[in-house]
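Overview (structure and organization)
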Amino acid sequence: MLGDETIAAIATPPGIGGIAVIRLSGKNALIITEKIFIGKDSPCEMESHRVVYGRIVEPEKEEEIDEVLLTVLHAPHTYTGENTAEISCHGGIVPARRVLSACISAGARLAERGEFTKRAFLNGKMDLAQAEAVLDIVSAKTKEGLRSALEQRDGVLSRRIRGLRDTLVSIMTDLELSLDFADGDVVFPEIKAIAEKIYNVITTMEEMMQAGKRAITFREGASAAIVGRPNVGKSSLLNALLLEERAIVTPVPGTTRDIIEGWINVHGIPLKLYDTAGFQNADNVVEAMGIEKTREAIQNTSFVLFVVDGSVPSQQEDTEIFMRAKEKPLIVVINKIDLSKRIIISDITGGNSYPECEVSAKEHTGIERLNTEILELIGAKDFKVDSAIPTRARHLMHITGAVRNLKAAYQGIGENRSPELIAYDIREAVRSLREIIGEVNAQEVLDTIFQEFCVGK
Ligand code: GDP
């Protein structure tokens, strides 16, 4: 299935660093390495999982490229399940590229995105859900996200899916047995027990889906636009949040010159904040653009922090911005609470009730309360991430399909439908579960999944 090709890639990010690692995997990984490595030991003769010091040279020319440490790993006890060599060279763009091109000259080919992990999957080192977890590990934004990804990599979700798959297979056996006993007709007590089992599996899957949807928020995070009229303290609030919540990334100017964004970590949930303060300007043209940008920001985020200045009575502009903001779930953030409060929120909201939170961006008070409100709004309060739940849209899609089939089967029993039809629906549900762990997969599905990886993983 995999052919004899040996693949190679730079496994470390581009740029200057301590070391760079070039990874080779495939049947000939060690033979290829041998052609470009000069050291005390010969890569082909080395024991597995050993490191040796040496030099990488141009194949045949013996012109030195860099001094390196070579790690030799014999199949099958490697990440990909194939012979693997890892060459650690000096961490610079030129040394890494030259070592890679020496590998190619010696017979390897450039790896595609995610191809190392894809090979690990195809060689049975991990199932598909575990391979996806590898991607979640490298892209984890919080320590909670990392923990759940590591557990999924260990197969916690896969085991649960296999458990459900086995239950459904045993239900199908029951169905066949009950058929045999009754000469084509299903015996009532048995079919009742079967219906009950199907019902239980549906309940479990529906719970998994509920939790899974929240887990996706947990992994991918949510995003919020900070909106409000000029000078209410939007930028100050963004800074206070970034400071208090240990910004994941320091605020950087975004694509638009004046938009400022940053990731914060709200109790383990990555939250991307967009400050729309830069959109406002006394100049009318820019003002109009600013309104347009604010509207866009509201549209593109999951919720809105609508900021008002609590120390002054509300103004017409507050109401105008509020009318736009309320397209999305929102929290009214009453800022400058360190000054005396003069605002009446119902003047803006027309008396409708919205979560409110009093803060002082300047003195950093009320920020923790605001976090709690945010968690409540995105449905993540008291949410403990469980690694045995689906964490990707792809998993949810297959579980939804399986639930649909099982409901049809359950209903079919109630309607006395032919056992073959019931068995068909259950078989389809089993197929959906097998898709999650990659027991049945179309090539395109695999390609899409591994395209998300970087080259070298
Ligand atoms: P933006 O235009 O909405 O982004 O507002 P800024 O964050 O630039 O703040 C406008 C002004 O309000 C600045 O002078 C801030 O120092 C001040 N400010 C912001 N937050 C507070 C606060 O909580 N209390 C007080 N007293 N002043 C604040």
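Located above this text is the structure these notes cover.
These numbers were taken from a predicted model, which means no experiment stands behind them.

1. Things to note about the overall build of the protein
Of the regular secondary structure elements, the protein holds 15 helices and 14 strands. In the protein, the proportion of contacts linking residues at least 24 apart, taken out of those at least 6 apart, comes to 69%.

2. Section: the packing of aromatic side chains
This model, assessed by the stated rule, comprises five aromatic pairs. Summarising the aromatic geometry, the rings of Tyr199 and Tyr410 are spaced 5.6 Å apart at their centres and angled 45 degrees between planes, so their arrangement reads as tilted. Of this pair, Tyr199 sits in helix α7 (residues 188-220) while Tyr410 is found in helix α13 (residues 393-414), placing the two residues 211 residues apart along the sequence. The partly exposed category is assigned to Tyr410, whose relative accessible area is 36%. Note on Phe450 and Phe453: the rings are 5.5 Å apart at their centroids and 35 degrees apart in plane angle, and the pair reads as tilted. For the residue pair Phe450 and Phe453, the accessibility class agrees, reading buried in each case. A cation sits over an aromatic face here: Arg23 above Phe116, 4.9 Å from the ring centre.

3. Overview of a nonpolar patch on the surface
A contiguous nonpolar patch, built from Val51, Tyr53 and Leu69 and spanning about 300 Å² of accessible area, is present on the exposed surface. Secondary-structure assignment places Leu69 in strand β5 (residues 64-73).

4. Some words on the pattern of salt bridges
All chains considered together, the criterion is met by 27 salt bridges. In this structure, Arg119 and Glu82 form a salt bridge, with 3.1 Å as the shortest nitrogen-oxygen distance. Taken together, the residues span a long stretch of sequence, with Arg119 in helix α3 (residues 115-122) and Glu82 in the loop between β5 and β6 (84-90) at a distance of 37 residues. Residues Arg119 and Glu82 agree in their burial class; the two are buried. When the shortest N-O distance is used, the salt bridge between Arg417 and Asp425 registers 3.3 Å. Residue classification places Arg417 among the partly exposed positions, given a relative accessible area of 29%. Where salt bridges share partners, they join Glu5, Glu82, Arg109, Glu115 and Arg119 into one cluster.

5. Some points on the sheet that holds β5
Spatial ordering of the open sheet is given by β3-β4-β5-β6-β2-β1-β7, a layout of seven strands whose pairing is mixed. A strand with exactly one partner marks an edge of an open sheet, and here the two such strands are β3 (37-39) and β7 (109-110). By the bridge criterion, four bridges tie strand β1 (residues 7-10) to strand β2 (residues 19-25) in an arrangement that is antiparallel. What sits directly across from Ala8, in β2, is Leu24. Relative to the sheet, helix α2 (residues 93-105) contacts β1, β2, β4 (50-57), β5, β6 and β7, its axis offset from that of β1 by approximately 175 degrees.

6. Digging into the packing of α13 against helix α14 (residues 419-437)
Relative to each other, α13 and α14 sit at 165 degrees, their axes nearing to 8 Å. Considering their axes alone, α13 and α14 lie roughly antiparallel with respect to each other. Crossing geometry of α13 relative to α14 is assigned as left-handed. Packed against α13, whose contacting residues are Arg394, His395, His398, Ile399, Gly401, Ala402, Asn405, Leu406, Ala408, Ala409, Gly412 and Ile413, the element α14 presents Ile422, Asp425, Ile426, Glu428, Ala429, Ser432, Glu435 and Ile436 at the interface. For the contact of α13 with α14, the residue count by class is 10 nonpolar, six polar and four charged.

7. Quick word on the site of the ligand
If you check the shell around the ligand, you find 16 residues, and the closest are Asn231, Lys234, Ser235, Ser236 and Asp338. In the environment of the ligand, an oxygen atom lies 3.0 Å from a nitrogen or oxygen atom belonging to the side chain of Lys336. One nitrogen or oxygen atom from the main chain of Ala361 is found 3.0 Å from an oxygen atom belonging to the ligand. Contact with the protein chains removes 74% of the 580 Å² of surface that the ligand exposes when unbound. Element by element, the count of residues in the shell around the ligand is highest for helix α8 (residues 234-244), at three residues.

8. Observations regarding the packing of helix α4 (residues 128-139) against helix α15 (residues 443-451)
Across the interface, α4 lies against α15 with an axial gap of 10 Å and an inter-helix angle of 20 degrees. Judged by the angle between their axes, α4 and α15 are roughly parallel. Taken as a pair, α4 and α15 cross one another with a handedness that is left-handed. Across the interface between the two elements, Leu128, Ala131 and Glu132 of α4 pack against Leu446, Ile449 and Phe450 of α15. Its residues assigned to classes, the contact of α4 with α15 shows five nonpolar, no polar and one charged.

Parameters and conventions
- Residues numbered from 1 in each chain as written.
- Predicted model: local features only at pLDDT ≥ 70, side-chain atom pairs only at ≥ 80, totals over all residues.
- Heavy atoms only, no water.
- Helix = DSSP H or I, 4+ residues; strand = E, 2+ residues; numbered from the N terminus.
- Contact = heavy atoms within 4.5 Å.
- Phe/Tyr/Trp six-rings, centres within 6.5 Å; stacked < 30°, edge-to-face > 60°.
- Buried < 20%, exposed > 50% of the residue type's maximum accessible area, 1.4 Å probe, protein only.
- Lys NZ or Arg CZ within 6 Å of the ring centre and 35° of its normal.
- Patch = residues over 30% accessible without salt bridge, like charges linked within 9 Å, V, L, I, M, F, W, Y side chains within 5 Å.
- Areas by Shrake-Rupley, 256 points an atom, 1.4 Å probe, with all protein chains shown as cover.
- Salt bridge = Lys/Arg side-chain N within 4 Å of Asp/Glu carboxyl O.
- Pairing = 2+ DSSP bridges.
- Axes fitted to C-alpha atoms, helices over the stretch in contact; angles between N-to-C directions.
- Parallel < 35°, antiparallel > 145°, perpendicular 65-115°, else oblique.
- Left-handed = near helix turned anticlockwise from the far one by under 90°.
- Nonpolar A, V, L, I, M, F, W, Y, C, P; charged D, E, K, R; others polar.
- Near = heavy atom within 4 Å.
- Polar contact = N/O pair within 3.5 Å; in protein donor to acceptor, adjacent residues only side chain to side chain.

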